[in-house]
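Chain by chain, the residues:
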Amino acid sequence: NAGVTQTPKFQVLKTGQSMTLQCAQDMNHNSMYWYRQDPGMGLRLIYYSASEGTTDKGEVPNGYNVSRLNKREFSLRLESAAPSQTSVYFCASRTPPGQPQHFGDGTRLSIL
Amino acid sequence: GENVEQHPSTLSVQEGDSAVIKCTYSDSASNYFPWYKQELGKRPQLIIDIRSNVGEKKDQRIAVTLNKTAKHFSLHITETQPEDSAVYFCAASYVDSNYQLIWGAGTKLIIKP
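Let us look at the structure shown here. (Residues numbered from 1 in each chain as written. Chains lettered and ligands numbered in written order. Predicted model: local features only at pLDDT ≥ 70, side-chain atom pairs only at ≥ 80, totals over all residues. Heavy atoms only, no water.)

Below, the discussion takes up the overall build of chain A. Assigned secondary structure in chain A consists of zero helices and eleven strands. N-terminal to C-terminal, the α/β element order of chain A is β-β-β-β-β-β-β-β-β-β-β. Its C-alpha atoms give chain A a radius of gyration of 13 Å, near enough to 13 Å, the size a compact globule of 112 residues would have. If you line up chain A on its principal axes, its C-alpha atoms span 40 × 25 × 20 Å. In chain A, which comprises 112 residues, the share counted as buried stands at 48%. A separation of at least 24 residues holds for 54% of the contacts in chain A among residues at least 6 apart in sequence. For chain A, the computed accessible surface area is about 5,100 Å², with 49% contributed by carbon and sulfur atoms. (Helix = DSSP H or I, 4+ residues; strand = E, 2+ residues; numbered from the N terminus. Rg over C-alpha atoms; globule rule 2.2 N^0.38 Å. Buried < 20%, exposed > 50% of the residue type's maximum accessible area, 1.4 Å probe, protein only. Contact = heavy atoms within 4.5 Å. Areas by Shrake-Rupley, 256 points an atom, 1.4 Å probe, with all protein chains shown as cover.)

And the structure:
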């Protein structure tokens with residue numbers, strides 16, 4: 001049982017490049033989340049999907065887009081990467097309210 | 001907006017002593033309060049959680065207490081060990097936003113040998 005799988009684990013981009021971070025969960029969870037964590041800081045919610053077919057903005061959505069491809073997969077896209085988006089990106093998922101979120105291992109993204 | 005305040009930001013304790021981390025939340029309708037541990041370079045992992053119909057929950061050396069009236073909850077770690085060194089995050093569910101979690105800023109726990 002893999003849980004939450006994120007790809008890639010590491011990525012270096014140049015300013016202005018685009019890329020998509022992938023996340024897949026095999027726990028049949030309805031809700032999925034994308035967070036960013038800057039060095040020495042806490043978790044900030046970028047976007048979330050409460051259920052298949054819905055997405056909503058979190059605290060820091062600017063510069064990002066998301067797609068809930070199906071119940072398993074939730075991708076995060078940077079259309080034009082900026083150095084301020086250098087961070088570790090975590091995907092998480094959970095079942096109904098009142099249940100814990102399960103995190104993937106993260107994607108370490110550096111933008112030069 | 002809703003928020004969760006977490007204190008202290010850094011806590012240094014002697015190995016074998018107890019550690020207490022406190023969080024205060026603003027949404028009186030919050031009903032789920034998890035605690036996560038994050039080791040350096042790793043993902044956050046759930047260590048214990050509590051729901052609003054319970055005042056205290058224990059799991060070996062870890063306990064969480066909840067005071068709904070005062071809107072605060074605390075993590076207690078007894079007999080601390082070197083492997084307890086990590087960053088700990090509290091969170092509270094935000095009812096009006098599909099029960100997403102509102103996160104505290106984290107506490108860096110240092111266990112001194």
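Having seen the model, we can carry on.
This brings us to the nonpolar core. Generally speaking, a soluble globular protein has its nonpolar side chains buried in company with each other. Of all hydrophobic cores here, the largest spans 24 residues; its most connected members are Trp35, Phe73, Leu75 and Leu109 of chain B. Only strand 2 (10-14), strand 3 (19-25), strand 4 (32-38), strand 5 (45-51), strand 7 (62-67), strand 8 (72-77), strand 9 (86-94) and strand 11 (107-112) of chain B provide two or more residues apiece to this core. Of all hydrophobic cores here, the second largest spans 20 residues; its members include Ile46, Val66, Leu78 and Ile111 of chain A. (Core = buried A, V, L, I, M, F, W, Y, C linked by side-chain atoms within 4.5 Å.)

Another point: the sheet that holds strand 7 (residues 64-68) of chain A. Note on sheets: strands pair through backbone hydrogen bonds, and any given pair is parallel or antiparallel. All names here are of chain A. With respect to topology, four strands assemble into an open sheet ordered 1-3-8-7, the strand pairing being antiparallel. Each end of this open sheet is capped by a strand with a single partner; those strands are strand 1 (4-7) and strand 7. Within the sheet, the average angular offset between the axes of one strand and its neighbour, ignoring direction, is 15°. (Pairing = 2+ DSSP bridges. Axes fitted to C-alpha atoms, helices over the stretch in contact; angles between N-to-C directions.)

Note that side chains of opposite charge can pair when their charged atoms are close. What the rule picks out here adds up to eight salt bridges over all chains. Across the pair Asp38 of chain A and Arg44 of chain A runs a salt bridge, and its minimum N-O distance is 2.7 Å. Residue classification places Asp38 of chain A among the buried residues on the basis of a relative accessible area of 17%. Residues Arg51 of chain B and Asp49 of chain B are paired through a salt bridge, measuring 4.0 Å at the closest nitrogen-oxygen approach. Through salt bridges that share partners, Arg36, Asp38 and Arg44 of chain A make up one connected network. (Salt bridge = Lys/Arg side-chain N within 4 Å of Asp/Glu carboxyl O.)

The figure often quoted for interface size is the accessible area lost as the parts come together. Taken residue by residue, the interface counts 18 residues in chain B and 21 residues in chain A. Across the chain B to chain A interface the summed buried area is about 1,600 Å²; carbon plus sulfur atoms make up 53%. Put simply, chain B and chain A have one salt bridge between them. Two residues, Arg43 of chain B and Asp105 of chain A, come together in a salt bridge whose shortest N-O distance is 3.0 Å. (Buried area = accessible area lost by both parts, 1.4 Å probe.)

Right, let's get into the environment of Ala19 of chain B. Residues and elements named next belong to chain B. Considering the arrangement of structural elements, one finds Ala19 in strand 3. Distance in space between the C-alpha atoms of Ala19 and Tyr94 is 27 Å, their sequence separation being 75 residues. The residues contacting Ala19, other than those within four sequence positions of it, are Leu11, Val13, Leu75, His76, Ile77, Thr80 and Leu109.

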